[in-house]
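A look at the structure
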Amino acid sequence: APSAGGAMAVVTVNRRAVSSWVGIARLCAVVSSCVAFSLVASTKDFGGPYGTWCMFTWCFCFAVTLLVLLLELLELYPKLPFSWDDFTSAFSMLAALMVFTASVVFPSTFISSPCSGSKCSRQAVATTFSCLCFLAYAFEVGLTRAKPGDVSSFLSTVPGLLKVFEAYVACLIFSLLDTYSWAPGLQWCVAVYSICFIVTLLIIVATVGRCLSYMPCPLEKVLVAYSALALLMYITATVLWPLYSFRGRSRPESCGRNCWWDKHLGITFLTIFNLIAYAVDLLYSTRMVFIRAP
């Protein structure tokens, strides 16, 4: 019975948080990531920057997804001072990208050929569950993506999801940067990566924090203008980075895992990926703003 001094607190349980398709996808992601990092932890062979990154990815996605499930199960998320739909959409996209990267990096770094023994089997099973975790997050992204005409949650639209992709690819580019100060063209490329990353990240944070509505100018048109400018900047980086990186410089014969040539080649491909992302972003943003569905 409630005490005489106050009413009893009532906790509401939302069973759809775990019974809906989105909830089931999140449960699968929690289980898969837990199995992945538990198996890798049992091998005690996850040192170095790549192993640390993979373990952080699985543990981070497990913890945040479990927290999301609990907040939705207990219906506590409406009390949070930010846009819950934008946050969950951005996180599911980010988690899918992070787990996909871990699913590629971990086996290529730690699983040797031929693979034999208990340790190798656990690493292979961990890789399998990491791939299942990626599929669970990708399924969640597909389920929560905004339908045409629905702009209630910007980060669940195609331009919003692409913003997360663009910021993540920029982070991968930063992780591969080493020597570039000797050429002005490479310095310009690094400036392009940095400026576009900062602005894109600010858009994501401001959207989640519900701050974009305070802008004194038409927000949709500003985003279209930014996408066009970022596309033009990335076009210059796509041309200048390989031109200044590889002109007159062939791959060294004794090029190990941390070879500068391989890193610059990876940055070239990542720059192309972001160029395509910004082009698609501009296309969808333009359609959303200037071509209204009847």
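The paragraphs below set out a description of the structure included in this document.

Reading guide: rules and limits
- Residues numbered from 1 in each chain as written.
- Predicted model: local features only at pLDDT ≥ 70, side-chain atom pairs only at ≥ 80, totals over all residues.
- Heavy atoms only, no water.
- Helix = DSSP H or I, 4+ residues; strand = E, 2+ residues; numbered from the N terminus.
- Buried < 20%, exposed > 50% of the residue type's maximum accessible area, 1.4 Å probe, protein only.
- Contact = heavy atoms within 4.5 Å.
- Areas by Shrake-Rupley, 256 points an atom, 1.4 Å probe, with all protein chains shown as cover.
- Patch = residues over 30% accessible without salt bridge, like charges linked within 9 Å, V, L, I, M, F, W, Y side chains within 5 Å.
- Salt bridge = Lys/Arg side-chain N within 4 Å of Asp/Glu carboxyl O.
- 1 Å grid on protein atoms, 1.4 Å probe; cavity = no way out; pocket = protein on both sides within 12 Å on 5 of 7 lines; lining within 4 Å.
- Points joined across faces, edges and corners; volume = space filled by probe spheres on them.
- Nonpolar A, V, L, I, M, F, W, Y, C, P; charged D, E, K, R; others polar.
- Domains from an automatic or database assignment.

Overview of the overall build of the protein chain
- Looking only at helices and strands, the protein chain features nine helices and zero strands.
- Counting from the amino terminus, the protein chain carries its helices and strands in the arrangement α-α-α-α-α-α-α-α-α.
- Looking at the 294 residues of the protein chain, the share that counts as buried comes to 41%.
- Contacts in the protein chain between residues at least 24 apart in sequence constitute 77% of all its contacts with a sequence separation of at least 6.
- When the accessible area of the protein chain is evaluated, it comes to approximately 15,600 Å², of which 70% is carbon and sulfur surface.

Focus: a nonpolar patch on the surface
- Together, W21, I24, F139 and L143 give the surface a local cluster of nonpolar side chains, amounting to about 400 Å² of exposed area.
- Tracing the chain through its elements places L143 in helix 5 (residues 117-144).
- Take L143: its relative accessible area is 31%, and that puts it in the partly exposed class.

Description of the layout of surface pockets
- Approximately 1,200 Å³ is the volume attributed to the largest pocket.
- As for the largest pocket, its lining consists of 36 residues, of which W53, T101, Y168, L172 and S175 are closest to the centre.
- For the lining of the largest pocket, the leading source of residues is helix 4 (residues 84-110), giving 11 residues.
- Taken together, the residues of the lining of the largest pocket sort by class into 28 nonpolar, five polar and three charged.
- There are two domains that each give the lining of the largest pocket at least three residues, and those are domain 1 (12-151) and domain 2 (157-248 + 255-293).

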